[in-house]
Amino acid sequence: MTFNEHLNRAKYLESRLQELLDENLALRTENAALQTENASLKARVRELEETLRVHADAASSKPPKVTLNYSSQRNDLVPKSPNRKRRRKKSQKKAGRKPKEAKTNQTDQTIKIYPKGISRRKCVLRHTQFVWRLIDKRAQYVCYLI
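Sequence order as written defines residue numbering, which begins from 1 separately in each chain. It should be noted that, the model being predicted, local features are given only for residues of pLDDT at least 70 and side-chain atom pairs only at 80 or more, the latter also being counted only at that level, while totals for whole chains, interfaces and linings use all residues. With hydrogens and water stripped out, all remaining heavy atoms of the structure feed into the side-chain values.

Asker: I'm lost on the sheet that holds strand β3 (residues 138–145) in this one. Help?
Answerer: Pairing between sheet strands relies on hydrogen bonds along the backbone, with the strands arranged either parallel or antiparallel. We call two strands paired when DSSP finds no fewer than two bridges between them. Secondary structure counts use DSSP, requiring at least four H or I residues in a row for a helix and at least two E residues in a row for a strand, with both numbered from the N terminus. Taken together, 3 strands build an open sheet; the order of strands is β1-β3-β2 and the sheet is mixed. The open sheet is flanked by β1 (109–112) and β2 (128–135), the only strands paired with a single partner. Neighbour-to-neighbour, the strand axes of the sheet open up by a mean angle of 35°, direction not taken into account. In the sheet, β2 pairs with β3 via 8 bridges, with the strands oriented antiparallel. If you follow Trp132 over to β3, its bridge partner there is Tyr141. Where helices are involved, their axes are fitted lines through C-alpha atoms of the stretch in contact, as for all axes, and angles between N-to-C directions lie from 0 to 180°.

In structure tokens, the structure reads:
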């Protein structure tokens, strides 16, 4: 190789070395920044885990209180006061038949039924019947006036 070729090769290697040094410096600064960020994130994770542990302990169920006195006299230990009132049960809907007025308000349809061969003017209402019927695949409450 000639002297000029060696000189060009040396200049190329020198420029390449400078590029690598610059790249190395950039990578070192980025690495340092990432290490500090990593350390702060690890500290935050530890803090959150501790907070989670504290909340988990607070939300855990408490052990049941066990009374070891299973005798029937244990309830007799507390004297009953004479002024103590009994609680009344809340009134619920009464079971049994509904009044006719309630049924009339609930009906979907009213149908009058007359006997055959008698004039409608002479007919008198004798009976009212309330019945559930399936009409068009729906349950409907029907009132028959007989």
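Asker: Can you walk me through the pairing of β3 in this structure?
Answerer: Walk down a regular strand and you will see the side chains alternate between the two sheet faces. The sheet contact formed by β1 and β3 spans 4 bridges and is parallel. The partner of Ile111 across the bridge, within β3, is Tyr144. Between β2 and β3, which pair antiparallel in sequence order, lie 2 residues; one of them, Asp136, sits at a positive phi of approximately 55°.

All quantities given are derived from atomic positions and should not be read as evidence of function.
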